[in-house]
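Chain and residue survey
Okay, here's what each chain looks like letter by letter:
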Amino acid sequence: MGLELIFFLVIAVAAIVSAIAMITERNPLKSVLFLILNFFCLAVVYLILHAQFIAVIQVIVYAGAIMVLFLFVVMLLNLADEVSPNEPLTYRKTIAYLLSGIVLLEILLGVGLPFAGGNIVIQHQKAIEIGTVESIGRSLYTEYLFPFEVTSILLLAAIVGVIVLAKKKFK
Amino acid sequence: MINVLSEIPLNYYLTLSAILFSIGVIGVLTRRNAIIVFMCIELMLNSVNLTLVAFSAFYGNTNGQILVFFVMAVAAAESAIGLAIIIALFRNKMTVNINEINIMKW
């Protein structure tokens, strides 16, 4: 087993453990911090995949901006710990676990089980070139110029919507 | 041109993504705190992003990473709006427990 594979497995286990800690933690604040840890792990996985731009954006936009917003709201609402997120199995929870198990199984069968044969091991020759800011920027400003501009309208609509929603009273 | 020889098969990335997605599904279905449910949705969005980046690297196509860029822009807008709705709900009902928020139920 090579060094790269060991590194990937360590990061993958860290990502899964932090995700599980996120959904089992009863304090919302700690939950947010575990999710930030998970996003950092994913950023490292993006770096292994030679997607530098996406890794940087992941840290800046997701871990930096979106999760700070979550942290801010959790602190603003000052929520108490949930009484018992680990209550004994109810009818609803049993169905929930069953459903998620089926989803996992279905996806795994769809992508092919991890340790089965016939894996694609070699990344494409251009893998290093396409992850750079230059390559993504060129594609974003030529081929995808129109969606890029529409995104700005979407963000403007979001800003206006947030201000309207967070106003003192609905009228 | 350098030949990128990685030891990690594509399936490993897809499996990691599938596991993270399923954890997100469990969170959405079992937790009752609206903010946690919302965070689980972010987790699911991220696992799909991982799939897109993995395919993009393995097939040498930029489009997957461009799509991830747009997903992140939409996720930013979505989380801002969603949190504003949660704050508005909290102001009216003084709770974020989704069992107690049932004014839209028939």
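Residues numbered from 1 in each chain as written. Chains lettered and ligands numbered in written order. Predicted model: local features only at pLDDT ≥ 70, side-chain atom pairs only at ≥ 80, totals over all residues. Heavy atoms only, no water.

1. A look at the overall build of chain A
Scanning chain A for helices and strands turns up 7 helices and 0 strands. If you list the helices and strands of chain A from N to C, you get α-α-α-α-α-α-α. The buried share of chain A, reckoned over its 171 residues, is 36%. Look at the contacts in chain A between residues 6 or more apart in sequence, and 59% of them connect residues 24 or more apart. Surface summary for chain A: the accessible area is close to 10,200 Å², and the carbon and sulfur share equals 75%. (Helix = DSSP H or I, 4+ residues; strand = E, 2+ residues; numbered from the N terminus. Buried < 20%, exposed > 50% of the residue type's maximum accessible area, 1.4 Å probe, protein only. Contact = heavy atoms within 4.5 Å. Areas by Shrake-Rupley, 256 points an atom, 1.4 Å probe, with all protein chains shown as cover.)

2. A short note on a nonpolar patch on the surface
Taken together, Leu156(A), Ile159(A), Val160(A), Ile163(A) and Val164(A) make up a surface patch of nonpolar side chains, about 470 Å² in accessible area. Among the structural elements, Ile163(A) can be located in helix 7 (residues 145-165). (Patch = residues over 30% accessible without salt bridge, like charges linked within 9 Å, V, L, I, M, F, W, Y side chains within 5 Å. Salt bridge = Lys/Arg side-chain N within 4 Å of Asp/Glu carboxyl O.)

3. Points about the packing of helix 2 (residues 28-48) of chain A against helix 2 (residues 34-59) of chain B
At a minimum axis separation of 11 Å, helix 2 of chain A and helix 2 of chain B run at an interaxial angle of 5 degrees. Taken as axis vectors, helix 2 of chain A and helix 2 of chain B run roughly parallel relative to one another. Between helix 2 of chain A and helix 2 of chain B, the contacting residues are Pro28(A), Ser31(A), Val32(A), Leu35(A), Asn38(A), Phe39(A), Leu42(A), Val45(A) and Tyr46(A) on the first element and Ile36(B), Met39(B), Glu42(B), Leu43(B), Asn46(B), Asn49(B), Leu50(B) and Val53(B) on the second. (Axes fitted to C-alpha atoms, helices over the stretch in contact; angles between N-to-C directions. Parallel < 35°, antiparallel > 145°, perpendicular 65-115°, else oblique.)

4. A closer look at the packing of aromatic side chains
A complete count under the given rule lists 10 aromatic pairs over all chains for this structure. When the centroid spacing of 6.2 Å and the interplanar angle of 25 degrees are considered together, the rings of Phe148(A) and Phe69(B) count as stacked. Highlighted residues: Phe148(A) in helix 7 and Phe69(B) in helix 3 (residues 63-93), drawn from two different chains. For the pair formed by Phe148(A) and Phe69(B), the shared burial category is buried. Within the aromatic cluster, the residues linked to one another by ring pairs are Phe53(A), Tyr141(A), Phe148(A), Phe69(B) and Phe70(B). (Phe/Tyr/Trp six-rings, centres within 6.5 Å; stacked < 30°, edge-to-face > 60°.)

The values are spatial; any link to function lies outside them.
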